[in-house]
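Observations on the three-dimensional arrangement
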Amino acid sequence: MLAADLPDPGLAAFGQDPWWVVLLKAVLIFVVLVVLTLFNIWFERRVVARMQHRVGPNVHGPFGLLQSLADGVKLALKEDIIPKAADKVVFILAPVIAVVPAFVTWAVIPLGPEVNFFGHRTPLQLTDMPVAVLFMLAIASIGIYGIVLGGWSSGSTYSLLGGLRSSAQMISYEVAMGLALVAVFLYAGSMSTSEIVAAQDRLWFGLILAPSFVIYVISMIGETNRAPFDLPEAEGELVGGFHTEYSSLKFALFFLAEYINLATVSAIATTLFLGGWAAPWGVENVWEGANSGYWPLLWFFGKVFIFIFLFVWLRGSLPRMRYDQFMALGWKILIPVALAWTVAVATIRVISLEAENGINRTYLVAAIAVLLVLTVGLMFVPERKDDERDAAEAGDEPHDAFAGGFPVPPMPAGGARRGAAEPLSFTHAPGGRTTVTASAEENHE
């Protein structure tokens, strides 16, 4: 037999379960994700309320735990409205396309080791494959179609712009996310999620591959459309973004997809960078059974909740970014840094560092670190823009608010005013236009 025909010993435990075990695992994953979504909504409201010195949900159930369930019932009982200009078939299918991939991704996420599952020995994972991480990225990319189609099929300009923004975010941040995972593949020697967890038995990849970890965390926030990267849903600009025209259960499906994706990217980060279901350092030395049985579920979801708290913390702390700043962060900073880091990791892994080659590992790592720091530093050097030069040349000339066209006037030549506003007067120019000047009031006085 060829080597390629031999079964992978690390994946031999998968594909052996009877049908009832597979079905029960799938149902349990579905139930856990739905309950986790209800908890995450409550958790986000309570944490943000504490950050803003408010009370938060506290009426329905103990500590307001049933508030999320009450909101779900409220959405189900609301009137289901379909706009007259909408493409009805696509309008209905879009929320389904968005929510289904969010569930499917969990099929290859390892939740624990082999356990006794109702008398059958099986891993706490639905399935695994040699390219499981690529499977997760592919499935996650399908979910964006639901958002784009939902925005397009609504027949609304605001919804269309929200869908286009979401597709642009996915293209920008999926590239950086994929590059961040290449280093994990190189160190683990596999794309199987269970084998990646096993490869972190001594040291988590989040430490030895810290730049990849940081890039992935930023990218996963941008890909899930969460604050401060929630540009597709910007209320101040797009009313509600891609789901402006949705109501009732179809809106609830978009809501469900967002919060499941929140847990999904957190689970992926836990699996690839924080050792997956393995207990934190030192726990296994004190407690021998920390990584056996069902206890690893505690470690896995504990790490997931750390990322979920990070999402909530960012939402309660940072304002929404401007769209051009958001795209510049992805294309001018994240992707170049991810490319440079991928080349650096590949260099370390490929070049032989033995003594006869004359290459010292310490010096090589230090040189690559210096290059990365210089690369990041150069990207943050401010550039002198053309509009700043024009403003310096313009001086205090009268500013015509309609010079750039109606209805969106340009910024004043000197930039945004700081401090108290200067006195203004409104004089009618030929043609019915109004010219705004600051010097006219002073001359009048």
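Remember, it's a predicted structure, so these values are computed and weren't measured experimentally. (Residues numbered from 1 in each chain as written. Predicted model: local features only at pLDDT ≥ 70, side-chain atom pairs only at ≥ 80, totals over all residues. Heavy atoms only, no water.)

1. Some remarks on the overall build of the chain
Rules: To qualify as a helix, a DSSP run of H or I must reach at least 4 residues; to qualify as a strand, a run of E must reach at least 2; elements of each kind are numbered from the N terminus. Partly exposed residues are those whose accessible area sits between 20% and 50% of the maximum for their type, while under 20% is buried and over 50% is exposed, using a 1.4 Å probe and protein chains only. Contact between two residues is taken to exist if any of their heavy atoms lie within 4.5 Å; hydrogens are not considered. Methods summary: accessible areas were calculated by the Shrake-Rupley approach with a probe of 1.4 Å, and residue burial reflects only the protein chains presented.
Of regular secondary structure, the chain possesses 16 helices and four strands. The burial tally for the chain puts 42% of its 445 residues in the buried class. Counting only contacts in the chain whose residues sit at least 6 apart along the sequence, the fraction spanning at least 24 positions is 73%. For the chain, the exposed surface amounts to about 24,200 Å²; the carbon and sulfur share of it is 66%.

2. Some points on the pairing of strand 1 (residues 112-117)
So the rule is basically this: Note on pairing: DSSP must find at least two bridges between two strands before they are called paired.
The sheet contact formed by strand 1 and strand 2 (residues 120-124) spans five bridges and is antiparallel. Bridge pairing in strand 2 links Phe117 to His120. Here strand 1 folds back onto strand 2 in antiparallel fashion, the turn holding two residues, of which Phe118 has a positive phi close to 55 degrees.

3. Side note on the packing of helix 4 (residues 132-153) against helix 5 (residues 157-188)
Definition in use: Orientation is described by axes fitted as lines to C-alpha atoms, over the contacting stretch for helices, and by angles from 0 to 180 degrees between their N-to-C directions. Angles are sorted into four bins: roughly parallel if under 35 degrees, roughly antiparallel if over 145, roughly perpendicular if 65 to 115, and oblique for all others. Each residue receives one of three labels: charged for Asp, Glu, Lys and Arg, nonpolar for Ala, Val, Leu, Ile, Met, Phe, Trp, Tyr, Cys and Pro, and polar for the others, Gly being one of them.
It is at 8 Å that the axes of helix 4 and helix 5 come closest, and there the two elements cross at 170 degrees. Our classification of the angle between helix 4 and helix 5 gives roughly antiparallel. Contacts between helix 4 and helix 5 involve Val133, Leu137, Ser141, Ile144, Ile147, Val148, Gly151 and Trp152 on the former and, on the latter, Ser159, Leu160, Gly163, Ser166, Ser167, Met170, Glu174, Met177, Leu181 and Phe185. In the contact of helix 4 with helix 5, the residues fall into eleven nonpolar, six polar and one charged.

4. Brief notes about the pattern of salt bridges
Counted only if it meets this: Any Lys or Arg side-chain nitrogen found within 4 Å of a carboxyl oxygen on Asp or Glu counts as a salt bridge.
In this structure the tally under the stated criterion is nine salt bridges. Between Asp324 and Arg322 there is a salt bridge; the shortest N-O distance is 2.7 Å. For Asp324, a relative accessible area of 42% corresponds to the partly exposed category. Here the salt bridges share partners, and the residues they tie into one network are Glu44, Arg226, Glu258 and Arg315.

5. What about the nonpolar core?
Condition: Joining through side-chain atoms within 4.5 Å is the link that ties buried Ala, Val, Leu, Ile, Met, Phe, Trp, Tyr and Cys residues into a set, and such a set is a nonpolar core.
Formed by 87 residues in total, the largest nonpolar core has its most connected members in Trp106, Tyr216, Met220 and Phe300. No other element matches helix 10 (residues 248-273), which puts 13 residues into this core. Excluding its chain neighbours within four sequence positions, the residues that come into contact with Trp106 are Ile29, Leu33, Leu111, Ile260, Ala263, Thr264, Ala267 and Phe300.

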